[in-house]
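# Architecture at a glance
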Amino acid sequence: MSVLIYIELDNGSIKKTSLETIAYGAKVAEQTGGAATVIAIGKAEEGELQKAGQYGAAKVLHASDEKLSHENSLAYADVLAQATQQEGSKVIILSKSGLGDAIAARLAAKLKAGIVSGVTSLPEIGVTFKVTRSIFTGKAFAVTEISSDIKILVVKKNVIEIDESALPTLQATIEVFNPTLDDADFKAEVVEVEKASSELSLTEAQIIVSGGRGMKGPEHWQPLLDLAKALGAATGCSKPVSDLDWRPHHEHIGQTGIKVAPNLYIACGISGAIQHLAGVNGSKCIVVINKDPEAPFFKAADYGIVGDVFEILPKLTEAAKSLK
Amino acid sequence: MKILVCITNVPDTTAKITFTDNDTKLNKNGVQYIIGPYDDYALARGVELKEQLGATLTVLHIGEADTDPQIRKALAIGADDAIRVNIEPQDSYYAAAQIAHIASQNNYDLILMGRESIDYNSGVVHGLVGEMLGIPSYSPVMRLDIADGTATITREIDGGKEILKASLPLVLGCQEPIAEWKIPNMRGIMTARTKPLNVVEPVDIDKMTSPEKYTLPAPKGACKMIPASEAETLIRLLQTEAKVL
Ligand SMILES: Cc1cc2nc3c(=O)[nH]c(=O)nc-3n(C[C@H](O)[C@H](O)[C@H](O)COP(=O)(O)OP(=O)(O)OC[C@H]3O[C@@H](n4cnc5c(N)ncnc54)[C@H](O)[C@@H]3O)c2cc1C
Ligand SMILES: Nc1ncnc2c1ncn2[C@@H]1O[C@H](COP(=O)(O)O)[C@@H](O)[C@H]1O
């Protein structure tokens, strides 16, 4: 089966989650003896797209029309539909993100394809094509059969391991892709884009240090920020913290906020309400610091410290600094 | 102006999820159902816009009769009428096709949904419906104002936000802080009883995907406790034992 993999670019570089998506797509192609082709939209740094070869894709289609430089799921879905047709792709793979879901949804309707979002496993391909997906915000999984001719998978983070130290030196060939663009996709006027470009994005971060109401107020955030800095981590918070405007809304993690899946999640003064856990249950390792030994978060944690965050955070920061 | 709000009927966010019938069905026993929290935001903003613009507001749900209490609640919060397509959808494509069918018969100017359902949380139904109707879709929307047939939308993007101006009709997936959740008042509850809830049968749609079996995550191992007095040792454990640093 020929596989098409959509990758997201950030400032000309392939996002880390997208590298995983390439590796995932390459495995699917390998399982079925098909080709793995990447589609990249927007500007890319010189030599960046060739990297796809190391993760298993032989070819990259690159659509770099200036009109596509601004994130536009309507137009991107159109580009992917044309790439699918050119390549005769049967499986299309995107990584789970707001953009990934938006493109995948419109593409599914265009191609009359079955779509499964939140995939957490490689497919089982035999007489049928099955994947496992996360449902009920990580509280359960569903094994789902896809019976349509074309299949669209939106894959979560951390589904496959990549050993960065053992990557082959293969380079992908780059092919310029010139899709026909539809004016209807460019009608909306972009008034303003506000990106906190200096900050590490939560969904991409490998380490997240997150604070709850136990941090007592915005003026007490410095110890948490110091630890985050020492670890090279992004910062997050619980819902009440962003509701109270202690921290910006885009840091809000949980069922009604951002879902994250870092290697390490450090929760400081967060009780561990089920709605918060729903946003972090994809994390590999969870550390909980809370003064209440009965805080529910400890049940979901790998490591716990019972104590006052304001005493513990500086100690951790010191230890983290001496790591390097 | 006509507004459509699509709502899901989902287990309460604190519900314990279990399965029955050899793990092929959700165990609904003792589970309390609610309007999807994101759909509740869509509904709240929909009601505000309806009042501001003198619009009509219809709620739509694809599901079986046991979901009627949630539909009545939406009517009590301020919807004028409701449509229920009488089938439990198998997947997002199926639900979207039913919604698109209803929408194509009624020419709504604005179709509001939640950013995602919290049961099968896909975050794709709005995109599917938008494409099926040939109109733009945007999500997640944090602010929405309508004037002269144009919507001003603040949308969350990776690591920030973006403000867009787009003409109606549109399909939008909503999230906080677009509006505050509304609680029905006594008058709302009384009038909701007599508001129309039209039940219609689904249109035929090809099956794309089907759930086969459900599983629960493996139970978490015990949490390793570190005394506060030795907090700094955590960093070493994270490096050498958990191997995440
Ligand atoms: C529909 C719905 C959706 C929701 N969605 C979300 C969501 O997406 N994300 C989310 O986070 N919440 C969400 N919530 C809210 C959730 O239920 C909790 O209210 C919230 O997560 C609690 O936040 P918290 O842990 O920061 O605060 P609290 O519950 O107030 O907990 C503070 C914790 O800090 C500890 N503490 C206090 N002082 C110290 C100290 N000095 N040192 C160490 N520990 C200390 C306390 O022991 C306590 O455990 C949602 C709720 C509903 C109903
Ligand atoms: N069965 C349904 N009936 C009505 N609206 C639905 C249904 N399923 C999904 N939706 C709408 O689509 C949004 C996104 O759903 P999903 O793609 O499943 O995450 C929800 O927040 C609802 O507004």
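Keep in mind it's a predicted model, so treat the numbers as computed, not measured.

### So, the overall build of chain A
The number of helices and strands found in chain A is 7 helices and 18 strands. Relative to a compact globule of 324 residues, whose C-alpha radius of gyration would be 20 Å, chain A shows 21 Å and is just as compact. Based on the C-alpha atoms only, the size of chain A along its principal axes is roughly 60 × 45 × 40 Å. Across the 324 residues in chain A, those meeting the buried criterion constitute 56%. Taking as baseline every contact in chain A between residues at least 6 positions apart, the subset at least 24 positions apart corresponds to 64%. Roughly 12,900 Å² of accessible area belongs to chain A as shown, and the carbon and sulfur atoms make up 50% of that amount. Each charge class in chain A can be summarised by its mean position, and for the 32 positive and 39 negative side chains these summaries are 5 Å apart.

### Quick look at the site of ligand 2
Residues and elements named next belong to chain B. Taken together, 18 residues are adjacent to ligand 2, and Cys6, Asp39, Ser117, Gly123 and Val124 come closest. A distance of 2.9 Å separates a nitrogen atom of ligand 2 from a polar backbone atom of isoleucine 62. Against a free-state accessible area of 490 Å², the protein chains account for coverage of 95% of ligand 2. The leading source of residues in the shell around ligand 2 is strand S6 (residues 56–62), at 3 residues. When its residues are assigned to classes, the shell around ligand 2 shows 9 nonpolar, 7 polar and 2 charged.

### Here we look at the packing of helix H2 (residues 73–87) of chain A against helix H3 (residues 98–111) of chain A
All names here are of chain A. Running from N to C, H2 and H3 cross one another at 55°; their axes reach a closest spacing of 8 Å. Classified by the angle their axes make, H2 and H3 are oblique. Of the two elements, H2 crosses H3, and the hand of that crossing is right-handed. Judged by residue contacts, Ser73, Leu74, Tyr76, Ala77, Asp78, Leu80, Ala81 and Thr84 of H2 engage Leu99, Ala102, Ile103, Arg106, Leu107, Lys110 and Leu111 from H3.

### Quick word on the packing of aromatic side chains
Scanning all chains against the criterion turns up 5 aromatic pairs over all chains. Measuring from centroid to centroid gives 6.5 Å for Tyr6(A) and Tyr76(A), while their planes differ by 55°, and the two rings are tilted. Of the two residues, Tyr6(A) is situated in strand S1 (residues 3–7) and Tyr76(A) in helix H2; the sequence distance between them amounts to 70 residues. Summarising the aromatic geometry, the rings of Trp221(A) and Trp246(A) are spaced 6.2 Å apart at their centres and angled 70° between planes, so their arrangement reads as edge-to-face. Linking Trp221(A) in the loop between strand S14 (207–211) and helix H4 (222–231) with Trp246(A) in the loop between helix H5 (239–243) and strand S16 (264–268), this pair joins segments that are 25 residues apart in sequence. The residue whose ring lies beneath Lys67(A) is Phe186(A), and the NZ or CZ to ring-centre distance is 4.5 Å. The ring centre of Tyr108(B) lies 5.4 Å from the NZ or CZ of Lys2(B), which sits over that ring.

### Here we look at the interface of chain B and chain A
Each partner contributes residues to the interface: chain B has 77 residues there, and chain A has 80 residues. Three residues, Glu131(B), Asp158(B) and Lys220(B), lead the burial of chain B against chain A; their summed loss comes to 10% of the area buried on that side. Here chain B is connected to chain A by 6 salt bridges. Of the charged contacts, one joins Lys259(A) and Glu116(B) as a salt bridge, the two residues approaching to 3.1 Å between their closest N and O atoms. The tally of links between chain B and chain A comes to 37 residue pairs in polar contact (both at pLDDT 80 or more). When contributions to the side of chain B that touches chain A are tallied by element, the ones reaching two or more residues are helix H1 (37–53), helix H4 (125–133), strand S9 (137–147), strand S10 (150–157), strand S11 (160–167), strand S14 (209–215), strand S15 (224–225) and helix H6 (233–240) of chain B. Classifying every residue of the side of chain B that touches chain A gives 41 nonpolar, 17 polar and 19 charged. Pairing geometry for strand S10 (residues 140–146) of chain A and S14(B), over 6 bridges, is antiparallel. Along S14(B), the bridge assignment pairs Ala142(A) with Tyr214(B).

### Some thoughts on the sheet that holds strand S8 (residues 110–114) of chain B
Pairing in this open sheet of 10 strands is mixed, and the strands run S13(A)-S11(B)-S10(B)-S9(B)-S12(B)-S8(B)-S1(B)-S6(B)-S7(B)-S13(B) from one edge to the other. Both edges of this open sheet fall to strand S13 (189–195) of chain A together with strand S13 (197–200) of chain B, since each of them pairs with a single strand only. The mean angle between the axes of side-by-side strands here comes to 25°, regardless of whether they run parallel or antiparallel. Both S13(A) and S11(B) contribute to a ladder of 6 bridges, which runs antiparallel. The residue bridging Val193(A) from the neighbouring strand is Glu162(B), located in S11(B).

### Remarks on the UniProt feature "domain: Electron transfer flavoprotein alpha/beta-subunit N-terminal" (unreviewed entry) in chain B
UniProt records the feature "domain: Electron transfer flavoprotein alpha/beta-subunit N-terminal" (unreviewed entry) for residues 23–209 of chain B in the present numbering. Along residues 23–209 of chain B one finds 31% helix and 32% strand; the C-alpha atoms at either end are 18 Å apart.

### Focus: the sheet that holds strand S18 (residues 303–306) of chain A
As summarised here, the arrangement of the 6 strands in space is S15(A)-S14(A)-S16(A)-S17(A)-S18(A)-S15(B), forming an open sheet in which the pairing is parallel. Strands with a single pairing partner mark the edges of an open sheet, and in this sheet they are strand S15 (234–237) of chain A together with S15 of chain B. Note that S14(A) and S15(A) share 4 bridges and pair parallel. Pairing of Val209(A) across the sheet is with Thr235(A), part of S15(A). Strands in contact with helix H7 (residues 309–321) of chain A are S16, strand S17 (285–290) and S18 of chain A; relative to S17(A), the strand with the most contacts, it is inclined by about 135°.

Calculation criteria
Residues numbered from 1 in each chain as written. Chains lettered and ligands numbered in written order. Predicted model: local features only at pLDDT ≥ 70, side-chain atom pairs only at ≥ 80, totals over all residues. Heavy atoms only, no water. Helix = DSSP H or I, 4+ residues; strand = E, 2+ residues; numbered from the N terminus. Rg over C-alpha atoms; globule rule 2.2 N^0.38 Å. Buried < 20%, exposed > 50% of the residue type's maximum accessible area, 1.4 Å probe, protein only. Contact = heavy atoms within 4.5 Å. Areas by Shrake-Rupley, 256 points an atom, 1.4 Å probe, with all protein chains shown as cover. Lys, Arg positive; Asp, Glu negative; His and termini not counted. Charge placed at Lys NZ, Arg CZ, Asp CG, Glu CD. Near = heavy atom within 4 Å. Polar contact = N/O pair within 3.5 Å; in protein donor to acceptor, adjacent residues only side chain to side chain. Nonpolar A, V, L, I, M, F, W, Y, C, P; charged D, E, K, R; others polar. Axes fitted to C-alpha atoms, helices over the stretch in contact; angles between N-to-C directions. Parallel < 35°, antiparallel > 145°, perpendicular 65-115°, else oblique. Left-handed = near helix turned anticlockwise from the far one by under 90°. Phe/Tyr/Trp six-rings, centres within 6.5 Å; stacked < 30°, edge-to-face > 60°. Lys NZ or Arg CZ within 6 Å of the ring centre and 35° of its normal. Buried area = accessible area lost by both parts, 1.4 Å probe. Salt bridge = Lys/Arg side-chain N within 4 Å of Asp/Glu carboxyl O. Pairing = 2+ DSSP bridges. UniProt positions renumbered as here; feature names shortened; annotations may be inferred.

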